[in-house]
Amino acid sequence: MARKANESKASIGVIGGSGLYDIEGLKGVRELRVRTPYGAPSDAIRVGKLDGVSIAFLSRHGRGHRLNPGEINYRANIYAMKLLGVQRIISVSAVGSMKELIEPGDVVFPDQFIDLTKRRTSTFFEGGLVAHVAFGEPICGSLAQALAVAGEGAGAHVHRGGTYLCMEGPQFSTKAESRLYRQWGVDVIGMTNMPEAKLAREAELCYATMALATDYDCWHETQEAVTVEAILATLHNNVALAKAVLKRVVPTLAGAPACPCHRALDNAIVTAPASISATVRKKFGVLTDRVLGSKKGAR
């Protein structure tokens with residue numbers, strides 16, 4: 001049965017990628033099926049407390065891994081997190097390494113993205129409301145820093161910074177593509193962080209990625225071509241490590257100060273308030289009421 005989002009609040013959201021379908025140690029767990037104007041999120045959201053801190057956990061692909069990267073309803077996922085009061089999102093994602101020094105099993109906290117997705121809606125703002133948010137620094141620096149410190153404390157081989165290239169998938173790269181991306185200086189490649197990060201910025205949420213390297217894509221001449229079997233073998237250890245990192249980082253985020261990410265819509269909305277209909281204002285209210293107010297300019 002669906003619950004209303006205001007029945008439960010969480011300050012931290014975790015979106016789990018391949019292999020991470022739950023968080024151990026959550027207490028007082030409730031499952032919420034959140035309604036959004038964009039349809040249903042990937043799965044029910046599990047809300048509970050980890051070391052006393054309220055967390056909302058969502059399996060990006062759905063439990064049982066039912067959704068491929070292009071099928072994920074990214075807008076519903078981020079909107080649902082916003083409805084639940086989330087202020088910071090930790091994205092956990094399996095990636096391929098594009099550099100020799102990033103070995104399978106390593107953890108990367110990228111600070112840049114290249115978006116090569118092709119068929120995904122990458123904005124909330126359409127149909128009567130236009131906004132252009134700044135995205136030069138797509139990752140929340142303070143959240144990424146906290147994650148990196150927690151990763152090192154958990155014994156991970158951590159790489160701070162780097163570029164995550166997001167491809168459409170669900171097929172893996174050709175060798176020609178993989179070699180091209182290496183020429184671009186890309187550090188890791190994945191299929192899911194776009195448009196997730198863009199939507200998080202539009203929703204004024206902090207966003208950072210914990211990228212779990214599982215393979216060398218297909219560019220490495222002395223390694224076998226990437227396969228699902230090889231990925232899953234490495235992923236098992238990576239997921240255990242990711243859970244250890246989350247266990248360490250969550251208490252450090254409790255009561256964290258406000259961040260510039262939380263004001264991303266300041267000066268970003270270009271539609272004149274008087275031109276925004278009451279229907280449009282209501283639809284986007286969860287995202288825009290801080291800037292526009294709930295009634296001003298409605299008609």
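Procedures and definitions
Residues numbered from 1 in each chain as written. Predicted model: local features only at pLDDT ≥ 70, side-chain atom pairs only at ≥ 80, totals over all residues. Heavy atoms only, no water. Phe/Tyr/Trp six-rings, centres within 6.5 Å; stacked < 30°, edge-to-face > 60°. Helix = DSSP H or I, 4+ residues; strand = E, 2+ residues; numbered from the N terminus. Buried < 20%, exposed > 50% of the residue type's maximum accessible area, 1.4 Å probe, protein only. Lys NZ or Arg CZ within 6 Å of the ring centre and 35° of its normal. Salt bridge = Lys/Arg side-chain N within 4 Å of Asp/Glu carboxyl O. Core = buried A, V, L, I, M, F, W, Y, C linked by side-chain atoms within 4.5 Å. Contact = heavy atoms within 4.5 Å.

Caption draft 1: Seen up close, the packing of aromatic side chains. Following the criterion strictly, the structure yields seven aromatic pairs and no others. Between Phe 125 and Phe 284, the aromatic rings sit 5.6 Å apart at their centres with planes inclined by 40 degrees, giving tilted as the arrangement. Residue Phe 125 is found in the loop between strand S7 (112-116) and helix H2 (141-153), and its partner Phe 284 is found in helix H6 (residues 278-292); the two are separated by 159 residues along the sequence. When its relative accessible area of 1% is taken as the criterion, Phe 284 is described as buried. With a centroid separation of 5.5 Å and an interplanar angle of 50 degrees, the aromatic rings of Tyr 181 and Trp 184 are classed as tilted. In this structure Tyr 181 comes out as buried when scored by relative accessible area, which is 7%. Ring-pair connections join several aromatic residues into one group, and the members of that group are Tyr 38, Tyr 79 and Phe 124. One residue, Arg 182, lies across the ring of Trp 219, its end atom 3.7 Å from the ring centre.

Caption draft 2: Layout of the pattern of salt bridges. Applying the stated rule across the entire model yields 15 salt bridges. Residue Glu 204 pairs with Arg 290 through a salt bridge whose shortest N-O separation is 2.6 Å. With Glu 204 in the loop between helix H4 (196-202) and strand S11 (206-215) and Arg 290 in helix H6, this residue pair connects regions lying 86 residues apart in the sequence. Among the residues examined, Arg 290 registers a relative accessible area of 37% and is labelled partly exposed. Residues joined by salt bridges that share partners form a network here, namely Glu 31, Asp 43, Arg 46, Arg 63 and Arg 66.

Caption draft 3: Quick peek at the nonpolar core. Core analysis: the biggest nonpolar cluster contains 87 residues, and Ile 78, Ile 90, Phe 124, Leu 147 and Met 210 have the highest contact counts within it. Sorting elements by how many residues they give to this core places helix H5 (residues 228-253) first, with nine residues. Contact partners of Leu 147, with chain neighbours within four places excluded, come to Ile 90, Phe 109, Ala 208, Met 210, Val 245 and Val 249. If you look at the next biggest cluster of nonpolar residues, it comprises nine residues, including Met 98, Leu 165, Tyr 181 and Val 186.

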